[in-house]
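Descriptive structure summary
As a plain string of letters, each chain reads:
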Amino acid sequence: MRPETTAVHAGGEPDAATGALTPAIHLATTFAHGPAGERVAGYEYTREGNPTQDRLEAALAAMEGGAAALAFASGMAAMHALLESLPDGSEVLVPDDCYTGLRVLGAEFLPRRGITTRAVDMGDLDAVRAAAGTRTKLIWAETPSNPRLVVADLAGLATIARERGLRLACDNTFATPALQNPLALGADAVMHSTTKYLGGHSDVLGGALVFAQHGEWHDAIAHRRHVTGAVAAPFNAWLVLRGCRSLHARMAMHCANARRVAEFLAAQPTLSHVLYPGLPNHRNHAVAARQMRDFGGMLSIRVRGGREAALRLASRLQLFTNATSLGGPESLVEHRASVEGANPVSPPDLLRLSIGLEHADDLVDDLREALAGA
């Protein structure tokens, strides 16, 4: 089946009891079992498994072309579970441009488990190859990256991982399964913050891991999720599953709008950089064109005049809401350095834009007016 059809039908079989086309939400926390603990219908306690969560996991595995998936309470819970599954003494290569939560995990939490991180430019395969050492166990890619939209060559990273006996995991949140399938390019696991495009409506928190193989690594992380309680709530799993059905249609409009906005912004003299993989002058445009079906709905801009000029521009926008997160129907703008905590790493002149589902002409008009007065 083509990806669009898979997204509509995976995990969406009609309900066996009623014939309902919309999957039921099983809110139960506990399930009947026999007097010796024997399971009646395959379930015991929702922290270990739930029918609604199982449907979502089946859908995500199918959409990413994986053998198995695990749904989590958040993207950070999924990321943490995977990274903490590594042996003590492990080193993880992480992008030098990445989601703030990953950076905080690497600085404050993973070292307590004897796991260290080393930041490297994932857009430069030679830099990654040079950084991989004897303690390195995992390459963690994030492509496109947050917030500078660096694109990593996943097939190239997979080659390095195989040569060195490493695993490769990829945060596919920005691209989604609609645009990019890291497992098909050689990754061992894919992470999603399902809060974003997969949920698609800014109303659900969730995360997921999808594995190339249903083996020991999957089972160890599933056990960790069970014991630590980082499971997806049934209603949240249902909302994400609903979002999967319309993912491809929404991503097509996100991408079309982002392309139009990026092309407009690229001609504005008040901006020093427009960071969007779909622009021919993007440093990794050729890689993005090769491994992605389209270039996504995220972009960042850097404003001449520094932090104050960037904040003035953000304050003048009317359709773009100043808010964190991304992937919903509404367009958002965020000054990343202001929300990264005590030690921000994003450039002070950078604004990240999540391009929504409004009419592209209205978004361009809003940006034009804001730029004229900034």
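This structure is a prediction, so every number in the text was calculated from the model and none was measured. (Residues numbered from 1 in each chain as written. Predicted model: local features only at pLDDT ≥ 70, side-chain atom pairs only at ≥ 80, totals over all residues. Heavy atoms only, no water.)

Strand order in the open sheet formed by seven strands is β1-β7-β6-β5-β4-β2-β3, and the pairing between neighbours is mixed. For this open sheet the edge positions go to β1 (68-72) and β3 (116-120), each flanked by a neighbour on one side alone. Direction aside, neighbouring strands of the sheet carry axes that sit 20° apart on average. Both strand β2 (residues 91-95) and β3 contribute to a ladder of five bridges, which runs parallel. Residue Pro95 lies in a different strand from β3, and its bridge partner there is Val120. (Pairing = 2+ DSSP bridges. Helix = DSSP H or I, 4+ residues; strand = E, 2+ residues; numbered from the N terminus. Axes fitted to C-alpha atoms, helices over the stretch in contact; angles between N-to-C directions.)

For helix α9 (residues 234-245), with twelve residues, the first-to-last C-alpha span of 17 Å sits near the 16 Å given by 1.5 Å per residue. Among the residues making up α9, those that are buried are Pro234, Ala237, Trp238, Leu239, Val240, Leu241, Gly243 and Cys244. Taken together, the buried residues of α9 touch α1 (3-9), α2 (51-64) and α10 (247-265). (Expected span 1.5 Å × (residues − 1). Buried < 20%, exposed > 50% of the residue type's maximum accessible area, 1.4 Å probe, protein only. Contact = heavy atoms within 4.5 Å.)

In total, this model carries two cavities of 30 Å³ or more according to the counting rule given. Approximately 40 Å³ is the volume attributed to the largest cavity. Taken together, the residues that form the lining of the largest cavity break down as five nonpolar, one polar and three charged. Looking at the second largest cavity, its volume works out to about 40 Å³. In terms of lining residues, the second largest cavity is bounded by Leu56, Ala71, Phe72, Thr194, Leu205, Gly206, Gly207, Ala232, Asn236, Ala237 and Val240. Of all elements in the fold, only β1 and α9 reach the threshold of two or more residues within the lining of the second largest cavity. The element that contributes the greatest number of residues to the lining of the second largest cavity is α9, accounting for three residues. Here the lining of the second largest cavity is built from residues that sort into seven nonpolar, four polar and no charged. (1 Å grid on protein atoms, 1.4 Å probe; cavity = no way out; pocket = protein on both sides within 12 Å on 5 of 7 lines; lining within 4 Å. Points joined across faces, edges and corners; volume = space filled by probe spheres on them. Nonpolar A, V, L, I, M, F, W, Y, C, P; charged D, E, K, R; others polar.)

On to the pattern of salt bridges, then. Throughout the structure, instances matching the rule amount to 20 salt bridges. In this structure, the salt-bridge partner of Glu48 is Arg39, at a minimum N-O distance of 2.5 Å. Residue Arg129 is joined to Glu163 by a salt bridge in which the shortest nitrogen-to-oxygen separation is 3.9 Å. Placement of the pair is Arg129 in helix α5 (residues 125-131) and Glu163 in helix α6 (residues 154-164), with a sequence separation of 34 residues. One network of salt bridges, with partners in common, ties together Arg39, Glu44 and Glu48. (Salt bridge = Lys/Arg side-chain N within 4 Å of Asp/Glu carboxyl O.)

Our focus in this paragraph is unusual backbone geometry. The amide bond that connects Thr143 to the next residue, Pro144, takes the cis arrangement and shows omega of -10°. With respect to the helices, strands and loops of the structure, Pro144 is situated in the loop between β4 (136-142) and α6. The omega torsion across Asn146 and Pro147 is 10°, close enough to zero to call that bond cis. When you line up the elements, Pro147 lands in the loop between β4 and α6. With phi around 70°, Thr176 is a residue other than glycine that occupies positive phi space. Locating Thr176 in the fold gives a position in helix α7 (residues 176-179). Taking relative accessible area as the criterion, Thr176 reaches 1% and is therefore assigned buried. Of note in the backbone geometry, Ser202 takes a positive phi value of approximately 55° without being a glycine. Inspection of the secondary structure puts Ser202 in the loop between β6 (189-192) and β7 (207-211). By relative accessible area, which is 48% here, Ser202 ends up partly exposed.

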